[in-house]
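Summary of the model geometry
If you want the building blocks of each chain, they are given just below.
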Amino acid sequence: MYLPTFTLEGRTALVTGAGRGIGRAIAIGLAEAGCNVALVSRTQADLEETADIIRQNTKAQAYVIPADITDRKQIEGAFEQLITETGRLDLLVNNAGMNIRTPALEVTDDQWETIVQTNLKSAFIASQTAGRYMKEHGGGKIINISSVGGHTALRTGVVYGSTKAALIQMTKVLALEWGKYGILVNAIGPWYFRTPLTEKILSDEQYMQDILDRTPLKRIGDLKEVVGPVVFLASDAANYMTGQTLLVDGGMSIYGF
Ligand SMILES: NC(=O)c1ccc[n+]([C@@H]2O[C@H](COP(=O)([O-])OP(=O)(O)OC[C@H]3O[C@@H](n4cnc5c(N)ncnc54)[C@H](OP(=O)(O)O)[C@@H]3O)[C@@H](O)[C@H]2O)c1
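Owing to the predicted nature of the structure, the values given are computational and were not obtained by experimental measurement. Within each chain, residues carry numbers counting from 1 in the order of the written sequence. Where totals are concerned, whole chains, interfaces and linings use all residues; where local detail is concerned, this predicted model gives features only for residues with pLDDT of at least 70, and gives and counts side-chain atom pairs only at 80 or more. Here the side-chain values reflect all heavy atoms present in the structure, with hydrogen atoms and water set aside.

With respect to the site of the ligand
- In the vicinity of the ligand there are 29 residues, among which Arg 42, Thr 43, Asn 95, Tyr 160 and Thr 195 approach most closely.
- Think of a polar contact as two N or O atoms within 3.5 Å of one another; within protein, one of them needs to be a possible hydrogen donor and the other a possible acceptor, and neighboring residues in sequence only count if both atoms come from side chains. At 2.9 Å from an oxygen atom of the ligand is found a side-chain nitrogen or oxygen belonging to Lys 164.
- For the ligand, an oxygen atom lies 3.4 Å from a polar atom in the backbone of Trp 191.
- Per-residue and other accessible areas were derived by the Shrake-Rupley procedure at a 1.4 Å probe size, with only the shown protein chains allowed to occlude residues. Expressed as a share of its isolated accessible area of 880 Å², the protein-covered part of the ligand is 96%.
- Lining residues are defined by having an atom within 4 Å of a point belonging to a cavity or pocket. Those points lie on a 1 Å grid over the protein atoms alone, cavities being sets where a 1.4 Å probe fits but cannot get out and pockets being open sets with protein on both sides within 12 Å along at least five of seven lines. A pocket or cavity is taken to hold a molecule when more than half of that molecule's atoms are within 2 Å of the pocket's grid points. Given that more than half its atoms are within 2 Å of the pocket grid, the ligand belongs to the largest pocket. Being near a molecule or strand, for a residue, means having at least one of its heavy atoms within 4 Å of it.

Here we look at the pattern of salt bridges
- One side-chain nitrogen of Lys or Arg within 4 Å of one carboxyl oxygen of Asp or Glu is enough to make a salt bridge. The full count for this structure, using the stated rule, is nine salt bridges.
- Measuring nitrogen to oxygen at the nearest pair gives 3.2 Å for the salt bridge that ties Arg 24 to Glu 49. Taken together, the residues span a long stretch of sequence, with Arg 24 in helix H1 (residues 21-32) and Glu 49 in helix H2 (residues 44-57) at a distance of 25 residues. A run of H or I in DSSP becomes a helix once it reaches four residues, and a run of E becomes a strand once it reaches two; helices and strands are each numbered from the N terminus.

Notes on the environment of Trp 178
- Along the polypeptide, Trp 178 turns up in helix H5 (residues 158-178).
- Residue classification places Trp 178 among the buried positions, given a relative accessible area of 11%.
- Expressed as a C-alpha distance, the spacing of Trp 178 and Met 134, which sit 44 residues apart in the sequence, is 9.7 Å.
- Setting aside residues no more than four positions away along its own chain, Trp 178 makes contact with Ser 127, Gln 128, Gly 131, Ile 142, Ile 183 and Val 185. Relative accessibility thresholds used throughout: buried, under 20% of the residue-type maximum; exposed, over 50%; partly exposed, between the two (1.4 Å probe, protein chains only). Whether two residues are in contact is decided by their heavy atoms: any pair within 4.5 Å suffices.

A look at the packing of aromatic side chains
- Only the six-membered ring of Trp is used, alongside the rings of Phe and Tyr, when aromatic pairs are assigned; centres must lie within 6.5 Å, and planes under 30 degrees apart are stacked while those over 60 apart are edge-to-face, with the rest tilted. All chains considered together, the criterion is met by two aromatic pairs.
- A centroid spacing of 5.9 Å and a plane angle of 90° characterise the contact between Tyr 192 and Tyr 207, whose relative ring orientation is edge-to-face. On the criterion of sequence distance, the pair formed by Tyr 192 in the loop between strand S6 (183-190) and helix H6 (199-202) and Tyr 207 in helix H7 (residues 205-213) is long-range, its members being 15 residues apart.

Side note on the sheet that holds strand S5 (residues 140-145)
- Strands were regarded as paired on the criterion that DSSP finds at least two bridges between them. Spatially, the seven strands line up as an open sheet ordered S3-S2-S1-S4-S5-S6-S7, and their pairing is parallel. Each having just a single partner strand, strand S3 (62-66) and strand S7 (245-248) make up the two edges of the open sheet. Strand after strand, the sheet turns through a mean of 15° between neighbouring axes, direction not considered.
- Where strand S1 (residues 12-16) and strand S4 (residues 91-94) come together, three bridges link them in parallel fashion. If you follow Ala 13 over to S4, its bridge partner there is Leu 91.
- Each axis is a line fitted through C-alpha atoms, and for a helix only the stretch in contact is used; angles between axes span 0 to 180 degrees, taken between their N-to-C directions. Strands in contact with helix H4 (residues 109-136) are S4, S5 and S6; relative to S4, the strand with the most contacts, it is inclined by about 175°.

A few points about the packing of H1 against H2
- At a minimum axis separation of 10 Å, H1 and H2 run at an interaxial angle of 30°. Taken together, the axes of H1 and H2 lie roughly parallel to each other. Crossing hand, H1 versus H2: right-handed. Together, Arg 24, Ala 27, Ile 28 and Ala 31 of H1 and Asp 46, Glu 49, Thr 50, Ile 53 and Ile 54 of H2 make up the contact between the two elements.
- For this classification, the nonpolar set comprises Ala, Val, Leu, Ile, Met, Phe, Trp, Tyr, Cys and Pro, the charged set comprises Asp, Glu, Lys and Arg, and every other residue, Gly included, is treated as polar. Across the contact of H1 with H2, the residue classes break down as five nonpolar, one polar and three charged. If an angle is under 35 degrees, it is roughly parallel; if it is over 145, roughly antiparallel; if it lies from 65 to 115, roughly perpendicular; otherwise it is oblique. Definitions for this section: a left-handed crossing has its near helix turned counterclockwise from the far helix by less than a right angle. A right-handed crossing has that turn clockwise.

What to know about empty space enclosed by the protein
- Grid points are joined across faces, edges and corners, and a volume is the space filled by probe spheres set on the points. Here the structure, examined in full by the defined rule, presents two cavities of 30 Å³ or more.
- Within this model, the largest cavity holds a volume of roughly 60 Å³.
- Residue lining of the largest cavity: 13 residues in total, with Thr 16, Asn 94, Ala 96, Ser 122 and Ala 123 positioned closest to the centre.
- Secondary-structure elements contributing two or more residues to the lining of the largest cavity are H4 and H5.

This is the structure:
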């Protein structure tokens, strides 16, 4: 028999940015696949809503852990709380992210530091914290939510694009260093999905038309379509994949004109 299993039954994940948008969809999708999920973001009410959806629709446990991922102590505290409660950590999804769209000539030091801290440094600190635990406990998986904007140049701003490209490189280097510990590190590069982060820009008709013109599938993504690749990477079906970035982009990244 060759069909591997996609179930995540009995496993435990920590998902950052699980209060809304892509992170909420990923957390619910992981729970639907049987995974218990720790939900992390700064806004407790959002996390409670995600947890309610999980509790009402799946048999998985949901743990609400409010934390600011730009603070090392709060990240470490979130892992500690989860591991104390569940005794395990199989998967980290570094999803929390933000953007301030500013033309490069006008970017301030503050903007640079805030975006780099949120999108990149926090993902490293969370990976390092998870990596230390996973190394001592037989391995695990880390999935970084990058962006097509880390793979190709987009009009999303130089700081955002730089952090997302760095996340793709961080994915490769951590995969290289930690493969021997059974820690598999991969990334997802989404194109446009409708979330609170993108709602405003997607309501600009000309911008939307530009997106559709450059997307072979002629539509933006449905949140389910980013969850599937995450569950695949998290499952045993992807146990020989590490250091990779799956672009979930309706073919946008192959567009050459
Ligand atoms: N939507 C897209 O089309 C798209 C495309 C490519 C890549 N992405 C990437 O996908 C990820 C999710 O995007 P999204 O569209 O779902 O964004 P979103 O709707 O703005 O959600 C972002 C989540 O991250 C959390 N977060 C932000 N800063 C945080 C901090 N300092 N500490 C803890 N949590 C924090 C937010 O919660 P709080 O503010 O309550 O903390 C929220 O739950 C991001 O990394 C984004 O770059 C999105």
